[in-house]
Amino acid sequence: MEVIGERWSLLALREVFFGARRFDQIVRNTGASRDILTARLRKLVETGILEKRLYEEHPPRYEYVLTEAGHALNHVLLNLMAWGDTYVTEGPPPTVWRHSCGEVLAPETVCAHCHEPVREKDMTLVRSTRRS
């Protein structure tokens, strides 16, 4: 949560997932101030979630692209979006994705072994290193 748990970091990641890769696009779509967004993007690059790539040499201009670690967050963001659509958003969801099967995407976490949906009642804690 230290890396992605801040509002502007999540919104910046959302925008990169949506295809906005340039700083001005991300600023416009998130409403973040330029200095805050600069700091959040820098942290996402430093932690290996985004990569900053040169797309124009004169003057030097960069875009932000997802790394492997960034792509791995797709499931997290989709599930956060689904939660918000159910418990926060009034009316229809602001963003809807279509799956390659043709249906509207309804993300669900499933067990990698048995492919059954993950439910609280089916989980047993095996180990935790959390601090009390």
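The coordinates are above.
Heads up: these notes are all about the structure in this document. (Residues numbered from 1 in each chain as written. Predicted model: local features only at pLDDT ≥ 70, side-chain atom pairs only at ≥ 80, totals over all residues. Heavy atoms only, no water.)

A few words now on the pairing of strand 1 (residues 50-56). In terms of strand pairing, strand 1 meets strand 2 (residues 61-66) through six bridges, oriented antiparallel. If you follow Leu50 over to strand 2, its bridge partner there is Leu66. With antiparallel pairing between neighbouring strands as the criterion, strand 1 and strand 2 make up a hairpin whose turn holds four residues. (Pairing = 2+ DSSP bridges. Helix = DSSP H or I, 4+ residues; strand = E, 2+ residues; numbered from the N terminus.)

Within this structure, the stated rule accounts for six salt bridges. The residue Asp24 makes a salt bridge to Arg34 at a minimum N-O spacing of 3.1 Å. Pair noted here: Asp24 is in helix 2 (residues 23-30) and Arg34 is in helix 3 (residues 34-46), with a separation of ten residues, a long-range link. Residue Asp24 is classed as partly exposed on the basis of its relative accessible area, which comes to 45%. (Salt bridge = Lys/Arg side-chain N within 4 Å of Asp/Glu carboxyl O. Buried < 20%, exposed > 50% of the residue type's maximum accessible area, 1.4 Å probe, protein only.)

Turning our eyes to something else, we now look at the layout of surface pockets. One way to see where empty space is left: roll a probe the size of a water molecule over the atoms. Of the pockets and cavities examined, the largest pocket occupies roughly 610 Å³. For the largest pocket, the lining is made up of 22 residues, of which Arg14, Phe18, Leu77, Leu80 and Met81 are closest to its centre. Within the residue set of the lining of the largest pocket, elements represented by two or more residues are helix 1 (7-18) and helix 5 (74-87). Among the elements that take part in the lining of the largest pocket, helix 5 stands out by supplying eight residues, more than any other. Looking at the lining of the largest pocket residue by residue, the classes come out as 13 nonpolar, five polar and four charged. By volume, the second largest pocket amounts to about 250 Å³. As for the second largest pocket, its lining consists of Arg22, Phe23, Asp24, Gln25, Lys52, Tyr55, Pro60, Arg61, Tyr62 and Tyr64. (1 Å grid on protein atoms, 1.4 Å probe; cavity = no way out; pocket = protein on both sides within 12 Å on 5 of 7 lines; lining within 4 Å. Points joined across faces, edges and corners; volume = space filled by probe spheres on them. Nonpolar A, V, L, I, M, F, W, Y, C, P; charged D, E, K, R; others polar.)

A word on helix 2. Inspection of helix 2 places Phe23, Ile26, Val27 and Thr30 among the buried residues, and these make up the whole buried set. Buried positions in helix 2, seen along its axis, are confined to an arc of 100° and lie on one side of it. In this fold, the buried residues of helix 2 make contact with helix 1, helix 3 and strand 2. Looking at the residues trailing helix 2, positive phi occurs at Gly31, about 80°. (Arc of directions from axis to C-beta. Contact = heavy atoms within 4.5 Å.)

So, on to the packing of helix 1 against helix 3. Two numbers describe a pair of packed helices, the interaxial angle and the distance between the axes. Packing of helix 1 against helix 3 leaves a shortest axis separation of 9 Å and a crossing angle of 75°. When the interaxial angle is binned, helix 1 and helix 3 end up roughly perpendicular. Touching Trp8, Ser9, Ala12 and Leu13 of helix 1 are Ile36, Leu37, Arg40, Leu41 and Leu44, all from helix 3. For the contact of helix 1 with helix 3, a count of residues per class yields seven nonpolar, one polar and one charged. (Axes fitted to C-alpha atoms, helices over the stretch in contact; angles between N-to-C directions. Parallel < 35°, antiparallel > 145°, perpendicular 65-115°, else oblique.)

Moving on to helix 1. Residues three or four positions apart in an α-helix share a direction because the helix packs 3.6 residues into each turn. A rise of 1.5 Å per residue sets the reference length of helix 1, with its twelve residues, at 16 Å; its end C-alpha atoms lie 17 Å apart and thus fit the reference within 8%. Taken together, the buried positions of helix 1 are occupied by Trp8, Ser9, Leu11, Ala12, Leu13, Glu15, Val16 and Phe17. Buried residues belonging to helix 1 abut helix 2, helix 3, strand 1, strand 2, helix 4 (68-72) and helix 5. Among the residues trailing helix 1, Gly19 stands out with phi positive, at a value near 110°. (Expected span 1.5 Å × (residues − 1).)

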